[in-house]
Amino acid sequence: MLQRFVLALALSLPSAALVAQDAPAARIASPDGRITVEVVTDHDGRARYSIARDGKPVIVSSQLGFLFTDVAKLDRNLRIASQATRSHDATWEQPWGERRHVRDHHNELRVGLVETNGDQRRFDVVFRVFDDGIGFRYVFPEQPALRRLNIAEELTEFTLATDATAWWIPALEWNRKEYVYKRTALAEVGFAQTPMTLRRDDGLHIAFHEAALADYSAMNLVRVEDRRFRAQLFPGTDAAKVERDAPFATPWRVVLLSDDAAGLATSDLVLNLNEPNALGDVSWVKPMKYLGIWWEMHLDTKSWGSGTKHGATTEDTIRYIDFAAQHGFGGVLVEGWNIGWDGDWFANGEEFSFTEAYPDFDIEKVTAHARERGVTLIGHHETSGHAAHYERQLPDALDLYERLGVAAIKTGYVADGGQAKVRDDDGNLRYAWHEGQAMSRHHIKVVTEAAKRRISINPHEPIKDSGLRRTYPNWVTREGARGMEYNAWGQPPNPPGHEATLVFTRMLDGPFDFTPGLFSMKSRHGDRVATTLAKQLALYVVLYSPLQMAIDLPEEYEAKPDAFRFIKDVPADWEDSRVLNGEVGEFVTFARKDRHSDDWYLGAVTDGEARTLHVSLGFLDAGRRYTAQVYRDGPNAGWQANQTDIVIEERDVTSGDSLELALAPGGGQAIRFIAR
Ligand code: NOJ
Ligand code: CA
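How each quantity is defined
In every chain, residue numbers begin from 1 and rise along the written sequence. Each chain gets a letter, beginning with A, and each ligand a number, beginning with 1, in the order they are written. Totals for whole chains, interfaces and linings use all residues, but because this is a predicted model, local features are given only for residues with pLDDT of at least 70 and pairs of side-chain atoms are given and counted only at 80 or more. Note: side-chain values were computed over all heavy atoms of the structure, leaving out hydrogens and water. Aromatic pairs are defined between Phe, Tyr and Trp rings, using the six-membered ring for Trp, whenever the two ring centres lie within 6.5 Å; interplanar angles under 30 degrees are classed as stacked, those over 60 as edge-to-face, and all others as tilted. The secondary structure listing takes helices from DSSP runs of H or I that are at least 4 residues long and strands from runs of E that are at least 2 residues long, numbered from the N terminus. Note on exposure labels: buried denotes an accessible area under 20% of the residue type's maximum, exposed denotes more than 50%, and partly exposed covers the range between, all computed with a 1.4 Å probe on protein chains only. Here, a charge over a ring means that NZ of Lys or CZ of Arg falls within 6 Å of the ring centre while also lying within 35 degrees of the ring normal. A helix is expected to reach a length of 1.5 Å times the quantity of its residues less one. Being near a molecule or strand, for a residue, means having at least one of its heavy atoms within 4 Å of it. Whenever two N or O atoms come within 3.5 Å, that pair is a polar contact, provided that in protein one can donate a hydrogen and the other can accept it, and provided that, for residues adjacent in sequence, both atoms are side-chain atoms. Using a 1.4 Å probe, accessible areas were evaluated by the Shrake-Rupley method; residue-level cover was limited to the displayed protein chains. Gly is put with the polar residues, along with every residue not named as nonpolar or charged; the nonpolar set is Ala, Val, Leu, Ile, Met, Phe, Trp, Tyr, Cys and Pro, and the charged set is Asp, Glu, Lys and Arg. Two residues qualify as a contact provided that any one of their heavy atoms is within 4.5 Å of a heavy atom in the partner residue. Salt bridges are counted wherever a side-chain nitrogen of Lys or Arg sits within 4 Å of a carboxyl oxygen of Asp or Glu. Atoms are scored as donors when they are N, O or S and lie within 2.8 Å of the metal, with 3.2 Å used for Na, K and Ca; no water is included, so coordination may look incomplete. Following DSSP output, two strands are said to pair if at least two bridges run between them. Each nonpolar core is a collection of buried residues, namely Ala, Val, Leu, Ile, Met, Phe, Trp, Tyr and Cys, held together in the definition by side-chain atoms within 4.5 Å. Note on geometry: axes are C-alpha line fits, over the in-contact stretch for helices, and angles between N-to-C directions span 0 to 180 degrees. The scheme is simple: roughly parallel for angles under 35 degrees, roughly antiparallel for over 145, roughly perpendicular for 65 to 115, oblique for anything else.

> Break down the packing of aromatic side chains for me, with residues and values.
Evaluated as defined, the whole model comprises 36 aromatic pairs. With 5.6 Å between their ring centres and 15° between their planes, Phe140 and Phe248 make a pair best called stacked. With a gap of 108 residues between them, Phe140 in strand β9 (residues 133-140) and Phe248 in strand β20 (residues 248-249) connect regions that are remote in the sequence. As far as burial versus exposure is concerned, Phe140 and Phe248 are alike and both buried. Here the aromatic residues Tyr49, Phe66, Phe68, Phe123, Phe127, Phe136, Tyr138, Phe140, Phe158, Phe208, Tyr216 and Phe248 are joined through ring pairs into a cluster of three or more. Against the face of Trp168 rests Lys182, its NZ or CZ located 5.3 Å from the ring centre. Across from the ring centre of Trp92, 3.7 Å away, lies the NZ or CZ of Arg470, which sits over that ring.

Here it is, written out as structure tokens:
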């Protein structure tokens, strides 16, 4: 295999025809041979790459390079000075995740580029080509002419070979990542965040993303002309968007490729491009479901701040802990427990204390009670984006939670885009973007400090996921898209196709603390949320998160004990995950196997259209009988009427059976397959 692949490489062959156009090429193919990547230098000495699949162009000649704030750009006058290849095929184990075993099978090409003039500065571009896409990164070795890199912009381009339909959200906007995905023609994409997902007319699905985003600024894509996109990094706190000392490597630029939408959602490519676990023993990281003093604040029947509406009281928290213990939940989130919420908390991050509780919240008593009942508090640190203020209190704040046995913390960075606050090297307070280099460093600091105390982290208004959970397995989940909270506020609420879009866009980057489990079906204004009850259950299988919330009030769950049983049963950690069908923004069906039993679970959701999905149960273990507990939309169900019309029934099945899943408009279906 390796030999065949090495032979297939075209080494520097200076044919006359090639030299006139593009100088000697370096090439590499995926293990299955279907995807090929070529790197050339053109007549100006610009480095360019292209990608083809099954011989058909996907990314045509696209530039590589850099602009700096203080020295000449790395752009023209480059030559390929070296190339080296290697193959890799190994399987590694996730401590928790969508599947236990992950295969990393790729071929790598390292191209050394050198300037032909001046200081002859040099850098490498490393391509890894998998059967389901590619990743490439820039690597800067130590060299006298490039010690400190003040990067003004990457010149990385992605020029699509054909038109496509695109799903995308705008970049560099005030509401960060919390936009409804637009579906447009490629030609109508302006300035987009990644991941961005495309579907070509020939069915090829393409997603642009990045991996291992650490100490760097996140990548957006701007459409420069026609089908040509260029990377645009989030601004820094100074003129440079990124400041790094050589040697260093950039994050990986990722292009996922699949014949169908399902193939995007099951790709492990981004995880494979990340470094292995850097934390050692992480058996203390525990996936779990949790309840919280939370939805009532979003409904505005309780408040974060002090006063008669204060939600985080000792009494109410104990009631939640007892309910959690009774129904087998691992945690209870308590928001609004600490001083700082009174007044305009969006704007006054410096008011927060992360160690002092409001007088009506006895943190010692509450956590002692939780420990006694085998439940953990999920801590909460809302910073209003004031990362500098939070960092100053971080050691004390984490020490307190460690002493009290808190296993996980939800952090929050509510501030408009570009208005997080960090301290620069001179100690001055600076505005920062949530996904710029300074916040990238901040998140890793929080995660690594928390790891020292055996605490997991779940940031809201976060930097995007880029697979760093592999390296820091206590970085369990995050927000970074429109979650359930928009359905409480209704300005406007999430559309019915939102979840079937998220799976193939935002969730290509990793777990999402979406916070499902709405049983009351209404916003704070009494408007209908675009869901059925069965769909809320299905979301526990469809939207992966190792911290998975049940958002509604205990009394709502007590009122519907039969449907609630599914939320109690469904795990938050999986042995395996499959996507049985799906189209971006329309519908999707997941099947997942429990990591701690032989049971399987299925979740299917649709957009505003009713549909019947035919699924084979071939994923079940052969030769085994299962009791299928089905939670399906009732005959009159729909998101615009009879949202809670649900049928709960049991039947015997085997892997030889198939099912017709009838989904109501805005509906879904959840099934537990109990192995017998
Ligand atoms: C926004 C978060 O997404 C939400 O879950 C939280 O309740 C508020 N910020 C307050 O921290
Ligand atoms: Ca949010």
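Moving on, there is more to tell.
> Mind laying out unusual backbone geometry, listing which residues take part and the relevant values?
Following Thr194, the chain continues into Pro195 via a peptide bond in cis, with omega recorded as 0°. Note that the residue after Ala246, namely Pro247, is joined by a cis bond; omega there is 0°. Examined against the element boundaries, Pro247 turns out to sit in the loop between β19 (242-245) and β20. In the Ramachandran plot, Ala212 falls in the positive-phi region, its phi being about 60° despite a non-glycine side chain. Position of Ala212 among the secondary structure elements: in the loop between β16 (205-211) and β17 (219-225). Exposure remark for Ala212: the relative accessible area of 14% places this residue in the buried category. Of note, Asp226 is a non-glycine position whose phi angle comes to about 45°, a positive value. Its place among the elements puts Asp226 in the loop between β17 and β18 (228-233).

> Kindly report on helix α6 (residues 314-327), identifying the contributing residues and their values.
The end-to-end C-alpha distance of α6, which contains 14 residues, comes to 20 Å, matching closely the 20 Å that a straight helix rising 1.5 Å per residue would cover. For α6, the complete set of buried residues consists of Thr314, Asp316, Thr317, Ile318, Tyr320, Ile321, Phe323, Ala324 and His327. Positive phi appears at Gly328, one or two residues downstream of α6, with a value of about 80°.

> Can you break down the site of ligand 1 residue by residue, with the values?
Taken together, 14 residues lie around ligand 1, and Glu335, Glu382, Lys410, Glu479 and Glu485 are the ones closest in. Between an oxygen atom of ligand 1 and a side-chain N or O atom of Glu382, the distance comes to 2.6 Å. With respect to ligand 1, the side chain of Glu461 contributes an N or O atom lying 3.2 Å from an oxygen atom. Expressed as a share of its isolated accessible area of 290 Å², the protein-covered part of ligand 1 is 97%. Taken together, the residues of the shell around ligand 1 sort by class into five nonpolar, three polar and six charged.

> Explain the side chain of His443 to me, and be specific about the residues and the numbers.
Looking at the secondary structure, you find His443 in helix α9 (residues 437-452). A residue is classified by how much of its surface remains accessible, and His443, at 3% relative accessible area, is buried. Contact partners of His443, with chain neighbours within four places excluded, come to Tyr413, Pro459, Pro462, Ile463 and Trp475.

> Please provide a residue-by-residue account of the pattern of salt bridges, values included.
Tallied over the entire structure, the rule returns 60 salt bridges. A salt bridge links Arg48 to Asp42; the shortest N-O distance between them is 2.9 Å. You can call Arg48 buried: its relative accessible area is 17%. Classification of Asp42 by relative accessible area gives buried; the value is 9%. Through salt bridges with shared partners, a single ionic network connects Asp44, Arg46, Lys73, Asp75 and Arg76.

> Lay out the coordination of the calcium ion (ligand 2) with the relevant residues and their values.
Around the calcium ion (ligand 2), the protein contributes the donor atoms Glu178 (OE), Glu461 (OE), Glu479 (OE), Glu479 (OE) and Glu485 (OE), at 2.3 to 2.9 Å from the metal centre. Taken in sequence order, the residues that donate to the calcium ion (ligand 2) follow the motif E-x282-E-x17-E-x5-E. Owing to a relative accessible area of 2%, Glu479 belongs among the buried residues under this scheme. Overall, Glu485 belongs to the buried group, its relative accessible area being 7%.

> Which residues make up the pairing of strand β15 (residues 196-199), and what values do they have?
Residues Met196 and Leu198 line one face of β15 and the alternating positions Thr197 and Arg199 line the opposite face, and both faces are buried. Where strand β12 (residues 165-168) lies against β15, three bridges are found, and the strand directions are antiparallel. When the sheet's bridge partners are listed, Trp167 is paired in β15 with Thr197. As judged from the four bridges shared by β15 and β16, these two strands associate in the antiparallel manner. Bridged to Arg199 within β16 is His205. Taking the residues between adjacent antiparallel strands as the criterion, β15 and β16 are bridged by five residues, where Gly203 takes a positive phi near 95°.

> So what's going on with the nonpolar core? Residues and values would help.
Formed by 174 residues in total, the largest nonpolar core has its most connected members in Phe140, Phe158 and Phe208. Apart from residues lying up to four places away in sequence, Phe158 is in contact with Tyr49, Ile59, Ser62, Phe136, Phe208, Met219, Leu221, Arg227, Arg228, Phe229, Arg253 and Val255.

> Break down the sheet that holds strand β10 (residues 148-154) for me, citing the residues and quoting the values.
As summarised here, the arrangement of the three strands in space is β5-β10-β19, forming an open sheet in which the pairing is antiparallel. One side of each edge strand has no neighbouring strand; the edge strands of this open sheet are β5 (66-68) and β19. Averaged over all adjacent pairs, the angle separating strand axes in this sheet is 45°, with direction ignored.

> Just give me the short version of the packing of helix α12 (residues 533-542) against helix α14 (residues 561-569), but keep the residues and values in it.
The geometry of α12 relative to α14 is characterised by a closest axis approach of 9 Å and an angle of 10° between their N-to-C directions. Taken together, the axes of α12 and α14 are roughly parallel relative to one another. Mapping the contact onto sequence places Leu533, Leu537, Tyr540 and Val541 in α12 and Ala563, Phe566 and Ile567 in α14. Grouping the amino acids of the contact of α12 with α14 by side-chain chemistry returns seven nonpolar, no polar and no charged.

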